[in-house]
Amino acid sequence: RKGGRTCNAAIGDNRYHSIFGAARVCAPPCTADCPAGNDIPLYLSSIREGNLAEAARILLQTNPLAAITGRVCPHYCEQECNRGELDEALSIRAIERQVGDYILENAAKLLRPPREENQKKVAVVGSGPAGLAAAYYLRQLGYGVTVLEALEEAGGVLTYGIPPYRLSKEVVQKQVKAIESTGVRFKFKVKVGKDITLADLQREYDAVFCATGAWRQASLGIQDEALLSSGLDFLVQVNGGMRKTANKKVLVIGGGSVAVDVAISARRLGAQEVTMACLETREEMPALAEELEQAEKEGINLMPAWGPSKVLKTSGKLSGMELIRCTAVYNSEGRFAPAYDSSVREIVEADQVILAIGQRTDLAYAEPLVEVKGGLIVVNAESQATGNAKIFAGGDATVTGPLSVVGAMASGRRAAEAINQYLGGQNRLKIEKQAEHLAPGNGEYLEKRQRVKVPELPVAQLSLDKEDVPGLERGAVEAEAQRCLNCGCDGVNPSDIAPALVALDARIVTSRRTIPIDQFWAADRGLKSSVLDDDEIITEIRIPEQAEGARSAFIKFAIRKSIDFPIVNCAAAIEREGGVVKTARICLNAVYSNPYRAAEAEEVMKGKPIDEAAAEAAGEAAVYGVVALPYNKFKIQIAKTMVKRAILGCQ
Ligand code: FAD
């Protein structure tokens, strides 16, 4: 079986590839790299068929916040997209946004209360993406779910942190409403640890999920730090409606996405000079390249490889900051240990300095009941379980802290599954697998086509309130979905014996059971490479005795005859009665991931004598439904000929 993440059919030589689509044997890079494990090719196949409702249903199984991730996800899925090797990676996030918006428009139909209520109750602390996802999936499993949130509105960073020009607050509100409509209860302005204790929740509920994020400003540990402001506090004010600034010169300390959000927001609030200074070099800056490009477009001055050294004051008022050259951020063991060249210094004047150097948690409420290490709740990475059987935790507050919306959401889903298991729930969360017989090989889509252009507004038209990036038109989304190569499949099954065994209707006897041959190679292996269990071995192959007068034949087309794998091979076993065909089993191989039963050809042969005309018609029928790639069309003709000659071989 072909391994690895690269689709050679797409980017290289596909002369010998399957002509009947393929079967998936491993997760494609987009799904494998998505923290939520979204089956992207599967929902894209529904979009290709124009069925957005089905795409929405599939996506909701792993992502209940698609309208949000479709806007702000760092799109890990696009980074290793095989299409990127051919021309450009698919614009998956833009597609996801449309499916997410469709979900919100049709929320009443798509996000529904559970069919069966469970009598058990779960408390969720915090309503960021981790809390929202856990609440949604626990509710789907039938639990009574109450979300306790310290602030006035739900959403966590989605509502209070990410600026509205990247994520409209209306979208977050619709998303929360949709989850609420499934029966999730929200209690606002309840701070756990102050208004109620975690121990109270542990007593009152059957399980508790803690997802309180990280909201405390990290400290620089330098003198006069009190004169500096916190990046998250600043963004909370922007999200709360602050629309102008008296500060003309703003210095942002930090090189990540939050720093970019702060810098761009300050600029759009009217600051005349905005500078971003960070320890990392330009190449190492943690913000996404596209975010940094946008910052530069808006006139933000980037100062990479500078560390904060001294807060400068004039008459007790902040007047700027002295920076010092940073020569390395990490030590030889990869630990954060900035090194400086103190002989190189620079002064940046500023009437506001905003720190965006990471957030810290506030877990005083949890510490008596769960283990906290390095300021983070210790959890099992698979179940989100803490050492306390009743308490689970996820999102940014945990040691596995994902620091992304999709990661937080995935931890919420994992916790919902684990809580359900802990509480002995009978239902399970579903994830449908990719359809078995993929039909990816529409060669037309391999022709180089640029990815869809997401419309961009000129800088002068950008504001704080309106989303910078509009959604795509439906047609553009469908066209983009067509570019998906549907990869992660195996190429062909090149075995010689396989088609012979299929034609002869063999039985495979193993140390455990007897498997009919059609099932032995059946593609419903999921992501396993074989139907056999790891400790199961084949002990015997049984070939039923052929009926009297039955004939069988095998034929192979190879380039180097004696040793090589087949370009196409074919086996036929035909039983006749009264001079005409009673039953025929015809199997082609090296044309699909598994031996390929040419069912249409078998039908054509029934009731006919074995002659040139019937065999020719059967050959034509055998290749019904092929989808060839640019270089493997020649295999169609060979397949037809192999079928014809195998049939004539049974005369
Ligand atoms: P949060 O979203 O932080 O939510 C925690 C919630 O818990 C809050 O509502 C808080 O009020 C509540 N809470 C806290 N303590 C208590 C308590 N004691 N009692 C009750 N409630 C409590 N990620 C991306 O993928 N893409 C982005 O574009 C992106 N941009 C970001 C921009 C900013 C400014 C920030 C700060 C982060 C950004 N992130 C982004 C990261 C992402 O938002 C976080 O990883 C994610 O929100 C973490 O989710 P969470 O559910 O763990 O916590």
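Structure first, text after, so check above.
Residues numbered from 1 in each chain as written. Predicted model: local features only at pLDDT ≥ 70, side-chain atom pairs only at ≥ 80, totals over all residues. Heavy atoms only, no water.

Secondary structure assignment for the protein yields 23 helices and 26 strands. Taken along its principal axes, the extent of the C-alpha atoms in the protein is 110 × 55 × 50 Å. A burial count over the protein gives 53% of its 651 residues as buried. Put simply, the protein shows about 29200 Å² of open surface, and 50% of that area lies on carbon and sulfur atoms. In the protein, the 78 positive side-chain charges and the 82 negative ones have mean positions that sit 2 Å from each other. (Helix = DSSP H or I, 4+ residues; strand = E, 2+ residues; numbered from the N terminus. Buried < 20%, exposed > 50% of the residue type's maximum accessible area, 1.4 Å probe, protein only. Areas by Shrake-Rupley, 256 points an atom, 1.4 Å probe, with all protein chains shown as cover. Lys, Arg positive; Asp, Glu negative; His and termini not counted. Charge placed at Lys NZ, Arg CZ, Asp CG, Glu CD.)

The next point concerns the sheet that holds strand 24 (residues 568-577). Spatially, 23-24-25-26 is the arrangement adopted by the four strands of the open sheet, whose pairing is antiparallel. Both edges of this open sheet fall to strand 23 (551-557) and strand 26 (596-597), since each of them pairs with a single strand only. In the sheet, strand 25 (residues 580-589) pairs with strand 26 via two bridges, with the strands oriented antiparallel. Bridge pairing in strand 26 links Cys587 to Arg597. Along the sheet face, helix 23 (residues 634-648) touches strand 23, strand 24 and strand 25 and points at about 30° away from the line of strand 24. (Pairing = 2+ DSSP bridges. Contact = heavy atoms within 4.5 Å. Axes fitted to C-alpha atoms, helices over the stretch in contact; angles between N-to-C directions.)

Residues Tyr43, Leu44, Ile47, Ile68, Val99 and Phe209 are the most contacted members of the largest nonpolar core, which totals 78 residues. With nine residues, helix 17 (residues 405-422) is the single largest residue contributor to this core. Residue contacts for Tyr43: discarding those within four places in its chain leaves Ala55, Ile58, Leu59, Ile92, Ile95, Glu96 and Val99. Residues Ile555, Met605, Val643 and Ala646 belong to the second largest nonpolar core, which totals 36 residues. (Core = buried A, V, L, I, M, F, W, Y, C linked by side-chain atoms within 4.5 Å.)

Turning to helix 12 (residues 169-180), a few remarks are in order. Taking 1.5 Å as the rise per residue, helix 12 with twelve residues should run 16 Å; its terminal C-alpha atoms sit 16 Å apart, in good agreement. Residues Lys169, Val171, Val172, Gln175, Val176, Ala178 and Ile179 constitute the buried set of helix 12. Looking at where helix 12 begins, the residue whose side-chain oxygen comes 3.1 Å from the main-chain nitrogen of Glu170 is Ser168. (Expected span 1.5 Å × (residues − 1). Polar contact = N/O pair within 3.5 Å; in protein donor to acceptor, adjacent residues only side chain to side chain.)

On to the pairing of strand 12 (residues 317-330), then. Looking at chain direction, strand 11 (residues 306-314) and strand 12 are connected through eight bridges and run antiparallel. By the bridge assignment for strand 12, Thr314 is matched with Lys317. From the end of strand 11 to the start of strand 12, which pair antiparallel, there are two residues, and Ser315 there has a positive phi angle of about 50°. Sheet topology note: the strand 12/strand 13 (residues 336-349) ladder contains nine bridges and is antiparallel. What sits directly across from Tyr330, in strand 13, is Phe336. Between strand 12 and the antiparallel strand that follows it, strand 13, lie five residues; Gly334 among them carries a positive phi value of about 85°.

Between the first and last C-alpha of helix 17 there are 26 Å, a value that for 18 residues agrees with the 26 Å anticipated at 1.5 Å per step. Judged by how many residues are buried, helix 17 sits mostly within the fold: 14 of 18 residues are covered. Looking one or two places after helix 17, you find Gly424, whose phi comes out positive at around 70°.

Moving on, we get to the pattern of salt bridges. Taken as a whole and assessed by the stated rule, the structure comprises 41 salt bridges. The closest approach of N and O atoms between Asp224 and Lys313, which form a salt bridge, is 3.2 Å. Here Asp224, found in the loop between strand 6 (216-217) and strand 7 (229-230), pairs with Lys313, found in strand 11; they are 89 residues apart in sequence, far enough to count as distant. A relative accessible area of 28% places Asp224 in the partly exposed class. A residue is classified by how much of its surface remains accessible, and Lys313, at 43% relative accessible area, is partly exposed. With its nearest N and O atoms 2.9 Å apart, the salt bridge here joins Glu616 to Lys644. (Salt bridge = Lys/Arg side-chain N within 4 Å of Asp/Glu carboxyl O.)

We now examine the site of the ligand. Contacts to the ligand come from 35 residues, most closely from Val72, Glu149, Arg166, Trp215 and Val405. A distance of 2.7 Å separates an oxygen atom of the ligand from a polar atom in the side chain of Arg166. Val405 places a polar main-chain atom, nitrogen or oxygen, 2.8 Å from an oxygen atom of the ligand. For the shell around the ligand, the secondary-structure elements that each account for two or more residues are helix 10 (129-140), helix 14 (231-239), helix 15 (257-269) and helix 17. Taken together, the residues of the shell around the ligand sort by class into 20 nonpolar, ten polar and five charged. (Near = heavy atom within 4 Å. Nonpolar A, V, L, I, M, F, W, Y, C, P; charged D, E, K, R; others polar.)

Quick look at the sheet that holds strand 13 now. Note: strands within a sheet are paired through backbone hydrogen bonds, in either parallel or antiparallel orientation. Strand order in the open sheet formed by three strands is 11-12-13, with antiparallel pairing between adjacent strands. Whereas interior strands pair on both sides, the edge strands pair on one side only; in this sheet they are strand 11 and strand 13. This sheet shows a mean twist of 25° between the axes of neighbouring strands, independent of strand direction.

Another aspect to go through is the environment of Phe234. Structurally, Phe234 can be placed in helix 14. On the basis of relative accessibility, which here comes to 5%, the residue Phe234 falls in the buried class. Put simply, Phe234 and Tyr160 are 74 residues apart on the chain and 9.8 Å apart in space, counted from C-alpha to C-alpha. Dropping the residues within four chain positions of it, Phe234 is found in contact with Met242, Val262, Ser265, Ala266, Leu269, Gln352 and Ile354.

To continue, consider the state of the cysteines. In this structure the tally under the stated criterion is zero disulfides. Unpaired in terms of disulfides, Cys570 finds its nearest cysteine sulfur in Cys587, a separation of 7.3 Å. The class for Cys570 is buried, based on a relative accessible area of 0%. (Disulfide = S-S within 2.5 Å.)

With that settled, consider the side chain of Ser404. As for its position among the elements, Ser404 is in the loop between strand 18 (391-393) and helix 17. Dropping the residues within four chain positions of it, Ser404 is found in contact with Pro74, Tyr76 and Asp396.

Further remarks concern the packing of aromatic side chains. In the structure shown here, the tally under the stated rule is eight aromatic pairs. Aromatic pair Tyr160 and Trp215: ring centres 6.3 Å apart, planes at 70°, arrangement edge-to-face. Here Trp215 lies in the loop between strand 5 (207-210) and strand 6 and Tyr160 lies in helix 11 (residues 157-160), a separation of 55 residues in the sequence. Given the relative accessible area of 13%, Tyr160 is considered buried. Ring centres 6.1 Å apart and planes at 70° place the aromatic pair Tyr330 and Phe336 in the edge-to-face group. Of the residues examined, Phe336 reaches a relative accessible area of 57% and is grouped as exposed. Taken together, Phe20, Tyr592 and Tyr596 form an aromatic cluster joined through their ring pairs. (Phe/Tyr/Trp six-rings, centres within 6.5 Å; stacked < 30°, edge-to-face > 60°.)

Turning to its location among the elements, Leu228 is positioned in the loop between strand 6 and strand 7. Sequence separation of Leu228 and Gln352 is 124 residues, and the distance between their C-alpha atoms is 7.0 Å.

Relative to strand 21 (residues 514-516), strand 20 (residues 507-510) runs antiparallel, the two sharing three bridges. Bridge assignment links Arg507 to a residue of strand 21, and that residue is Pro516. Hairpin connection between strand 20 and strand 21: a loop of three residues separates the two successive antiparallel strands. Pairing between strand 20 and strand 22 (residues 538-542): four bridges, direction antiparallel. When the sheet's bridge partners are listed, Thr510 is paired in strand 22 with Ile538.

Functional significance is not addressed by these values, which are geometric in nature.
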